[in-house]
Amino acid sequence: MSVTTRFAPSPTGYLHIGGARTALYSWLYARQNSGRFVLRIEDTDRERSTEESVQAILDGMAWLDLNADEPPVYQTARFDRYKALTQQLLDEGHAYHCYCTKDELETMREEARAAGRKPMYDGRCRSRTEPVPGIDPVVRFRSPDDGETAFDDMIKGRVVFQNRELDDLIIARGDGTPTYNFTVVVDDYEMGITHVIRGDDHVNNTPRQIQILQALGATVPIYAHVPMILGEDGKRLSKRHGAVGVMSYRDEGYLPEALLNYLVRLGWSHGDQEVFTREEMLEHFRIEQVQKGAGAFNPSKLAWINHQHMQTMDPARVLEHWRWHLDKAGIDTGNGPDPIDVIKSQRERCKTLVEMTEKSAFFWAPPTEYVDKAVKKWFKGDAQAVLADLLERFQALPEWTGEAAHGVVHAVVEARELGLGKVAQPIRVAISGDAVSPPIDETLALLGREQTEARIARAIEFLSERNAA
Ligand code: GLU
């Protein structure tokens, strides 16, 4: 059997991380089985669906590089199919028109409640032969009265529902528009979906969907219901827990590989391995091994995983993602060190791409001001003389290398009998505006002679102006 999976978000908000995890699992399962992965935008709820949400989903999927094999399918483009299949079910006696009014249904529910029964539609229109004038009827699916509907979920195992607990579901409203469960069924059928991997908030819809699929003569897909993601407090993940939209993780400087890695591990494990490349996920992930219970989102673990990927990923690929941040910060890397070299030098001490941007901006632009705290701490005493001494010795170097610059720093340390900090830190403040940078030899080699000397000269000027005032 050739595998086809789908990701079927409703565009009523951003692509949240629970959805992203479901998408990842579907994508992995399709790729592992040389199958197809399709994206279906479930936009029939016109009041809640927005263009921006559609775009957020497409952007999120593109950023995570969970590529689909076909252009996305929009449910709003398929109303004629839903109509045709509603008609088929009506013609074959699997569905019927229901003329019950709101009041009638309310009374029905109240009576059931009063008698201690579950409020369910009692099927009174099943045998109606005459239309009721003045009422646009809904269409209900005629579900079986007894027996059970069961399925073997790849994650949850066998799930059984008693048919008497399921009433006749509305599949088309009075205005002819299809309802949610029906569109899912028609699309899973016509798109040839073999494996439905989705959130377990849909488990209760599954027996109804199976019954309708069977009535349509479709092969019932295999289901895998993925447990929810909870916040650290055990409550359902929401905005309260911080960023839940996928793109906000990009904005905060996470690598998509890290987010995917974090999501694959949330509720699934492979020995004690924590860091997975995409290739490793494809090799080891097994949907059947996903745990049944909900997983809790742990932001510090995500940050840790991000840092691991920053350090182990090919720097050229890190740059592909970093470029977005550099552009956003208005940093032009055309003049100055190769950003690849900066990545190699910085990634051990930066947990996110945002942090790397902030800590590296000085490589391509001189500081516009010096951080107060750094000035107070390091531009004091004979800092001006130290910088002047350094500048003179730098200018005398026949060749600019990390080692040569380092040699100068140490020569000044010795000549002036100072601690290393008293020499290296004023240099850092002079070149970056603050007192943090990679090792001084690396930093100066990357920054280059011209910029180093110009910035030290500028700091000397600043200090002499200040000392004169
Ligand atoms: N559109 C549904 C949702 O966003 C998913 C439907 C499905 O996967 O069957 O929750």
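This write-up is about the structure you can find in this document. (Residues numbered from 1 in each chain as written. Predicted model: local features only at pLDDT ≥ 70, side-chain atom pairs only at ≥ 80, totals over all residues. Heavy atoms only, no water.)

**Some words on the pairing of strand E7 (residues 157-162)**
Inference 1: Looking at chain direction, strand E6 (residues 148-153) and E7 are connected through six bridges and run antiparallel. Note that in E7 the partner of Glu 148 across the bridge is Gln 162.
Inference 2: Linkage of E6 to E7, two consecutive antiparallel strands, is achieved through a turn of three residues. (Pairing = 2+ DSSP bridges. Helix = DSSP H or I, 4+ residues; strand = E, 2+ residues; numbered from the N terminus.)

**Let's talk about the site of the ligand**
Inference 1: In the vicinity of the ligand, the residues found are Arg 6, Ala 8, Pro 9, Ser 10, Glu 42, Tyr 180, Val 184, Arg 198 and His 202.
Inference 2: At a separation of 2.6 Å, an oxygen atom of the ligand approaches a polar side-chain atom of Arg 6.
Inference 3: Summarising the interface, the protein chains cover 81% of the accessible area of the ligand, which totals 300 Å² for the free molecule.
Inference 4: The cavity that encloses the ligand is the largest pocket.
Inference 5: Looking at the shell around the ligand, its residues break down into four nonpolar, two polar and three charged. (Near = heavy atom within 4 Å. Polar contact = N/O pair within 3.5 Å; in protein donor to acceptor, adjacent residues only side chain to side chain. Areas by Shrake-Rupley, 256 points an atom, 1.4 Å probe, with all protein chains shown as cover. 1 Å grid on protein atoms, 1.4 Å probe; cavity = no way out; pocket = protein on both sides within 12 Å on 5 of 7 lines; lining within 4 Å. Sits in = over half its atoms within 2 Å of the grid points. Nonpolar A, V, L, I, M, F, W, Y, C, P; charged D, E, K, R; others polar.)

**What about the nonpolar core?**
Inference 1: One finds Leu 24, Tyr 25, Ile 287, Leu 390 and Phe 394 to be the most contacted residues of the largest nonpolar core, which totals 101 residues.
Inference 2: Here this core takes nine residues from helix H1 (residues 17-32), the largest share from any one element.
Inference 3: Leave out the neighbours within four places in its chain, and Leu 390 touches Val 408, Val 409, Val 412, Val 423 and Ile 427.
Inference 4: Core analysis: the second largest hydrophobic core is formed by 30 residues, Val 38, Val 73, Leu 85 and Met 191 among them. (Core = buried A, V, L, I, M, F, W, Y, C linked by side-chain atoms within 4.5 Å. Buried < 20%, exposed > 50% of the residue type's maximum accessible area, 1.4 Å probe, protein only. Contact = heavy atoms within 4.5 Å.)

**Let's talk about the side chain of Arg 428**
Inference 1: You can see Arg 428 is positioned in helix H17 (residues 420-432).
Inference 2: As a buried residue without a salt bridge, Arg 428 has its nearest oppositely charged side chain in Asp 441, at a separation of 7.1 Å.
Inference 3: Within polar-contact distance, the side chain of Arg 428 engages the side chain of Gln 425 at 2.8 Å.
Inference 4: Setting aside residues no more than four positions away along its own chain, Arg 428 makes contact with Gly 433, Asp 434, Ala 435, Val 436, Ser 437, Pro 438, Pro 439 and Ile 440. (Lys, Arg positive; Asp, Glu negative; His and termini not counted. Salt bridge = Lys/Arg side-chain N within 4 Å of Asp/Glu carboxyl O.)

**A word on the packing of aromatic side chains**
Inference 1: One pass over the structure, following the stated rule, counts 15 aromatic pairs.
Inference 2: Measuring from ring centre to ring centre gives 5.3 Å for Tyr 262 and Phe 297, while their planes differ by 90°; the resulting arrangement is edge-to-face. Here the residue Tyr 262 occupies a position in helix H8 (residues 256-265), and Phe 297 occupies one in the loop between strand E12 (295-296) and helix H10 (299-312), the gap between them amounting to 35 residues.
Inference 3: A relative accessible area of 3% means that Tyr 262 is categorised as buried.
Inference 4: Overall, Phe 297 belongs to the buried group, its relative accessible area being 4%.
Inference 5: Between the aromatic rings of Tyr 370 and Phe 462, the centroid separation amounts to 4.9 Å while the plane-to-plane angle is 65°, which identifies the pairing as edge-to-face. Placement of the pair is Tyr 370 in the loop between helix H13 (353-360) and helix H14 (372-378) and Phe 462 in helix H19 (residues 449-468), with a sequence separation of 92 residues.
Inference 6: A relative accessible area of 13% places Tyr 370 in the buried class. (Phe/Tyr/Trp six-rings, centres within 6.5 Å; stacked < 30°, edge-to-face > 60°.)

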